[in-house]
Amino acid sequence: VQLQASGGGLVQAGGSLRLSCAASGRAFSRYAMGWFRQAPGKEREFVAASSWSGGNAYYADSVKGRFTVSRDNAKNTVYLQMNSLKLEDTAVYFCAARTSGIVVITTTASLYDCWGQGTLVTVSS
């Protein structure tokens, strides 16, 4: 399984971006999907997670109410809609998939077994 993240860029504070992550696997509808980010000099942190169907989602407190994770299983793609962006949202954003076992949704990085290459989001003032 390969993951390809896209949609990052430069945006002003208060603006919006939508990240996409396309997966190559045949069983995408049974992959728990997650978004993580890593800011310069900081450790990677959880951002959002989607269950297999997209019916359930978890969010980090720092993005709750501003970010929305969704997925289109017919297109093997998961999205992260980011609104009301803040300077502190600047980071490289990674999508991740749990492709084995029965993990419907998880916020734990170590439970994901496939990672995308990351896409840079820069929020300016």
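It should be emphasised that the depicted structure is a prediction, and the values quoted were computed from it without experimental measurement.

## Structural notes on the state of the cysteines
Note on terminology: disulfide describes a covalent bond linking the sulfur atoms of two cysteines.
Link 1 in the chain: Throughout the structure, instances matching the rule amount to one disulfide.
Link 2 in the chain: Covalently, Cys21 is tied to Cys95 through a disulfide, its sulfur atoms 2.1 Å apart. Residues Cys21 and Cys95 are joined through a disulfide that is right-handed, its torsion about the S-S bond being 60 degrees. Residue Cys21 is found in strand S3 (residues 17-23), and its partner Cys95 is found in strand S9 (residues 91-98); the two are separated by 74 residues along the sequence. Comparing Cys21 with Cys95, the two get one shared label, buried.
Link 3 in the chain: Among the cysteines around Cys114, which has no disulfide bond, Cys95 carries the closest sulfur, lying 7.9 Å off.
Link 4 in the chain: The class for Cys114 is buried, based on a relative accessible area of 10%.

## Brief notes about the sheet that holds strand S7 (residues 67-72)
The strands making up a sheet associate through backbone hydrogen bonding, with each pair oriented either parallel or antiparallel.
Link 1 in the chain: Taking strand neighbours across the sheet as the criterion, the four strands line up as S1-S3-S8-S7 in an open arrangement whose pairing is antiparallel. Edge strands, defined here as strands with exactly one partner in the open sheet, are strand S1 (3-6) and S7. Each neighbouring strand pair of the sheet contributes to a mean axis angle of 15 degrees, computed without reference to strand direction.
Link 2 in the chain: Bridge count for S1 against S3 is four bridges, and the pairing is antiparallel. What sits directly across from Ser6, in S3, is Ser20.

## Points about the pairing of strand S8 (residues 77-82)
Link 1 in the chain: When you tally the buried positions in S8, you get five out of six residues, the bulk of the element.
Link 2 in the chain: Summarising the sheet, S3 and S8 pair through six bridges and their orientation is antiparallel. Note on S8: the bridge partner recorded for Cys21 is Val78.
Link 3 in the chain: Bridging between S7 and S8 involves six bridges; their strand directions are antiparallel. From the neighbouring strand, Arg71 faces S8, where its bridge partner is Val78.
Link 4 in the chain: A loop of four residues connects S7 with S8, the two strands running antiparallel in sequence, and Asn76 in this loop sits at a positive phi of about 55 degrees.

## Some details on the packing of aromatic side chains
Here the distance between the centres and the angle between the planes together describe a pair of aromatic rings.
Link 1 in the chain: Overall, the coordinates contain five aromatic pairs when judged by the stated rule.
Link 2 in the chain: A centroid spacing of 6.0 Å and a plane angle of 75 degrees characterise the contact between Phe28 and Tyr31, whose relative ring orientation is edge-to-face.
Link 3 in the chain: Residue classification places Phe28 among the buried positions, given a relative accessible area of 1%.
Link 4 in the chain: Look at Tyr31 and you get buried, because its relative accessible area is 5%.
Link 5 in the chain: Both rings, one in Phe36 and one in Phe46, keep their centres 5.7 Å apart while their planes meet at 70 degrees; by these two values the pair is edge-to-face. Taken together, the residues Phe36 in strand S4 (residues 32-38) and Phe46 in strand S5 (residues 45-50) connect sequence positions 10 residues apart.

Rules used in this analysis
Residues numbered from 1 in each chain as written. Predicted model: local features only at pLDDT ≥ 70, side-chain atom pairs only at ≥ 80, totals over all residues. Heavy atoms only, no water. Disulfide = S-S within 2.5 Å. Helix = DSSP H or I, 4+ residues; strand = E, 2+ residues; numbered from the N terminus. Buried < 20%, exposed > 50% of the residue type's maximum accessible area, 1.4 Å probe, protein only. Pairing = 2+ DSSP bridges. Axes fitted to C-alpha atoms, helices over the stretch in contact; angles between N-to-C directions. Phe/Tyr/Trp six-rings, centres within 6.5 Å; stacked < 30°, edge-to-face > 60°.

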